[in-house]
Every structure is written in structure tokens, then in C-alpha cells.
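Next come the chains, spelled out residue by residue.
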Amino acid sequence: MLRPTDGSDPLRAVFEASTAGTPSSQLWEESVDGLLAAGWQLRRLFDRLNRLSAAVSDVLVESTGREEIDRRLCRAIADEPGYPAAWMATVSADDSEFRLSAASGLPEPLSEPTPVSTLPTAVETAIETDAVQCCSADDGGDLLGPSTVGADRLLVVPLCYGERRYGLLGVYSTATAALDAREAAALGSLGELIAHGLQAVETARILTTDHVTELRIELRDESFRLSQIAATVGEPVDRCGTTRTADGTCVLYLTTEASEVDAEALSSLPFVEAGRVVSSTETASTLSVRLSAAQLSAVPPDDVLAQFGAVVTETTATVDGARLTVELPPLGDVRRLLESLDSAYDSAALRARTERERRTRTHDEFVAAVDDRLTDRQQAAIEAAHHNGYFECPRPVDGETIAASMGVTRQTFHQQLRAAEGKLVAAYVDAS
């Protein structure tokens, strides 16, 4: 900082002028009182958010449906001193209409879909930016504004997990100093926790529901990993299975009509750690592709689709793209799912949409019974054995080769496979 050449300090001069006539002991007391007040305010904020976090966690663990979660969360927030009301809402696919799904503390909850443009600007901005927004009683408007519940402020929290927005949370406060940047940030983190819980509920629903929305999606992107494999093979490839090794690495199993495949060429792809031909005939080949360590988290586009509770049931890749068959919960957000895929690849187009029965309940119950009995390593062993043709006669590969692809010893593979076979047989006998 530049200072006058005469040695005077302008900042000190301003301070002395502003405190002229005030005893130093009084200044000290005022400073201490201010620090104590700020400390108590932070402590109250910490205690409040700690209670809310515990309440939210309990609701997400104990509830089994979206309606129950929304209702209990609103009640828990509105029961907290300083927060007179709260609401949960969803937004239409084109972000134009707002619908309350639950509310607590509102004198007249909205019972019909409402244009977003008629609500406080904080709601519209939160939808546009997917970021926490706050408004005061002066700029909140008459519809859902802070004044409707006698509050000073309204905080709107988008419930986002990954690329998906599961709705909005509205929290009112009666304290003018409340809902500052620190409190808004903390409630934003609470919103992420709620969104994660809603995603888990939706994923569980698609695994148990008898009805699903089946989508046929076409991706156009030469950089799509399976498309790069198809280009290397020289023929389209179908994904027929996925397993994980002991260290979590993904192994893809693919089929193709190519009768001769260069395994070394597959291994040269930047995202492939090892490529292997499992079996080959005059008309088809089965391939094993182990993804490199950089791809441990998930297999695209599974990582994008999982955020919407969707699962890929079929994938056929060509040199310039892929055709996917995807199962989505009946009320899944198809538009946002396609937007997420479109942002991840050159283009994504919906070619067909069908509402249909999933699989028979008997089949699902049997699969669930087997899944409950198998450990992760046992499941990986039996899936790897199946995809590698280990149960065929003659076997195209031996146990040592499969064990190496899984990153375990041959003895460990055989132990896990034997245990899995025993549990699979037991599940079949028990169900008969």
C-alpha cells in the first residue's frame, strides 16, 4: 500500500476520526460483544443444520416412496425454530409449470400446476441455473413469496444429483439475518443429500416395478468407446455382459460377427488395458475387454443413465455410433435423459418409446434371491465363467486365464466359483 511521504497514515486518521470521543475500553467491549454475538449466531446455525441433517437422513432411510419423503421433509423443516414453512415441488419437462408435491406451514398450498413466471423470481432463477437462490419479502411477490407466511426470506434449493434435477425445496425464514451465504450453502448441501436419496428410491423402483418405459436411443459419435472397438474389429459389436474384478476394474464381454479379431489391436486402444478373444467360430467371436484404470468408475453411457434410474439392456455399436435399449421408471424424465446424452455425445435421438411390462415377477424374485446369497466376488466369478464359455464343452479357456482377467489366483477363482454354484443350486431348489 502507498503511504504519504510525510509519514501520516490515512487509514488511522479515518479510524481516529470515526471513534473520536469514545473511550478505548468501550471500543474493546463493543468488539468483544460483537465477536460473542457472531459466535453464538454460528453456534445456533450449526445446531440447527445438525438437527436438520439428522432428520433428513432418518426420512430418507425410513421412507420408501417419493410422496412420503416430500411430506415428511417439509414437516421436519417447518418444525425447526426460525423456519415457519417449507415446500417441495416438481417442474414440468419444459420448465414452464410448477407443481407442489408437499408443503408444511403454507396457509393455502397450491393445488394445481402453476406457471413458473407467476412465482417469485428466485424460483425461476433456481430452475434456470440449478443453483440456490434467495429472495426477500420485498421482491418475493404474492404467490409463494415470503409474505404469504409472514417470513422475511425464501430460499429455493434445486434438488440436483449429477445431471438430474429431482425438484425444488423451498425454505422460509422469519429472521432477517438468516439464510445468509453460509446458511444457503449448507442448505444447498442438504439439497444434494435429498436428491441422492430420491435417486436411490427411483433406482429401487425400477428394480421392483412391473412396468417400465422402454426407450430405443441412437447415439452418433465416432469417439463412443464401443464404436472405437467396432472400428478396430471391422464389424458391429453387441455388449452381452459386464463384470468387475477384485480391484473394481470393469471387464466388458462383446459378441461380433467377425470370425477373426486382432486382440493386440484391441489392447492398443487408449481406454483398454487388455483385450482377448474368448471364443471364435467361422461366423462369430466373443471378446473380453478389460478397461484401463482410468475407467474404473463406470462404463459410459451407464454413468449418465444411472442418474435417471435407467439401465441399459441392449447395446449394438457401429463405427459411427450405437443403438441402445434402455429401461426407465414409468415417470422417468425422458427429456432430461436425452439432453444429458446429447451433451455427452455428438447427438442422441429417441427412435422409439414403449410402455410395457417388465419381466415376470417370478423371474425377478428368483434373481433377487440369488443376488441376496452371492457375495460380490462370487457373482463376479460366476459371471466371468459364463461370459468366457467356462461351462461349455470343450472349454475355450481354462480357469487360470479367467482368474488372470479378474486379477485373482486360479485357486481363489475356483473357490469363489464353487461357492457361487452351490448358492445358485440352493436358490433353485428352495424356489421349486
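Just above, that's the structure.
Remarks on the environment of Ala420
Here is step 1: You can see Ala420 is positioned in helix α13 (residues 410–431).
Here is step 2: For Ala420, a relative accessible area of 0% corresponds to the buried category.
Here is step 3: Between the C-alpha atom of Ala420 and that of Arg373, which follows or precedes it by 47 residues, the distance is 8.5 Å.

Considerations on the sheet that holds strand β7 (residues 211–220)
Here is step 1: The eight strands are arranged β10-β11-β9-β8-β12-β13-β7-β14 in an open sheet whose pairing can be described as antiparallel. At either end of the open sheet lies a strand with only one pairing partner, and these are β10 (272–280) and β14 (347–357). The sheet shows a mean angle of 20° between the axes of neighbouring strands, taken without regard to direction.
Here is step 2: In this structure, strand β8 (residues 237–244) lies alongside strand β12 (residues 311–318), joined through two bridges in antiparallel fashion. Counterpart to Asp238 in the pairing with β12 is Thr316.
Here is step 3: The strands that helix α11 (residues 376–387) touches are β8, β9 (250–256), β10 and β11 (285–291); relative to β8, the one it contacts most, it runs at about 150°.
Here is step 4: The sheet contacts of helix α12 (residues 399–406) involve β9, β10 and β11, and relative to β11 the element is tilted by about 35°.

Comments concerning the pattern of salt bridges
Here is step 1: On inspection of all chains with the given rule, the structure shows 20 salt bridges.
Here is step 2: With a closest N to O distance of 2.9 Å, Asp70 and Arg66 form a salt bridge. With Asp70 and Arg66 both in helix α3 (residues 66–78), this residue pair falls four residues apart, about one helical turn.
Here is step 3: Taking relative accessible area as the criterion, Arg66 reaches 26% and is therefore assigned partly exposed.
Here is step 4: In this structure, the salt-bridge partner of Arg336 is Asp95, at a minimum N-O distance of 2.8 Å. In this pair, Arg336 sits in helix α9 (residues 334–344) while Asp95 sits in the loop between β1 (86–91) and β2 (97–104), placing the two residues 241 residues apart along the sequence.
Here is step 5: A relative accessible area of 10% means that Arg336 is categorised as buried.
Here is step 6: A single salt-bridge network, built from bridges that share partners, covers Asp95, Asp130, Arg165, Asp333, Arg335, Arg336 and Glu339.

As for the nonpolar core
Here is step 1: By size, the foremost hydrophobic cluster in this structure holds 36 residues, and its most contacted members are Ile217, Ile229, Leu337 and Leu341.
Here is step 2: Elements that contribute at least two residues to this core include exactly β7, α6 (225–233), β9, β11, α8 (302–306), β13 (321–328) and α9.
Here is step 3: Excluding its chain neighbours within four sequence positions, the residues that come into contact with Leu341 are Ile217, Leu219, Pro301, Val304, Leu305 and Ala348.
Here is step 4: In this structure, Val56, Val59, Tyr83 and Ala86 belong to the second largest nonpolar core, which totals 26 residues.

What counts, and at which threshold
- Every residue gets a number counted from 1 within its own chain, in the order that chain's sequence is written.
- Residue-level local features of this predicted model are given only where pLDDT is at least 70; pairs of side-chain atoms are given and counted only at 80 or more, and the full residue set underlies all totals for whole chains, interfaces and linings.
- Each side-chain value is derived from all of the structure's non-hydrogen atoms; neither hydrogens nor water enter the calculation.
- To qualify as a helix, a DSSP run of H or I must reach at least 4 residues; to qualify as a strand, a run of E must reach at least 2; elements of each kind are numbered from the N terminus.
- In this scheme, a residue with accessible area under 20% of its type's maximum is buried, one over 50% is exposed, and one in between is partly exposed, where area comes from a 1.4 Å probe on protein chains only.
- Each pair of strands is called paired provided DSSP finds at least two bridges between the two strands.
- Every axis in this analysis is a line fitted to C-alpha atoms, fitted for helices over the stretch in contact. Angles between the N-to-C directions lie between 0 and 180 degrees.
- Any two residues whose heavy atoms approach within 4.5 Å at even a single point are treated as in contact.
- A carboxyl oxygen of Asp or Glu within 4 Å of a side-chain nitrogen of Lys or Arg is what we treat as a salt bridge.
- In this description, a nonpolar core means a group of buried Ala, Val, Leu, Ile, Met, Phe, Trp, Tyr and Cys residues linked to one another through side-chain atoms lying within 4.5 Å.

By themselves, these are just geometric observations and shouldn't be taken as functional.
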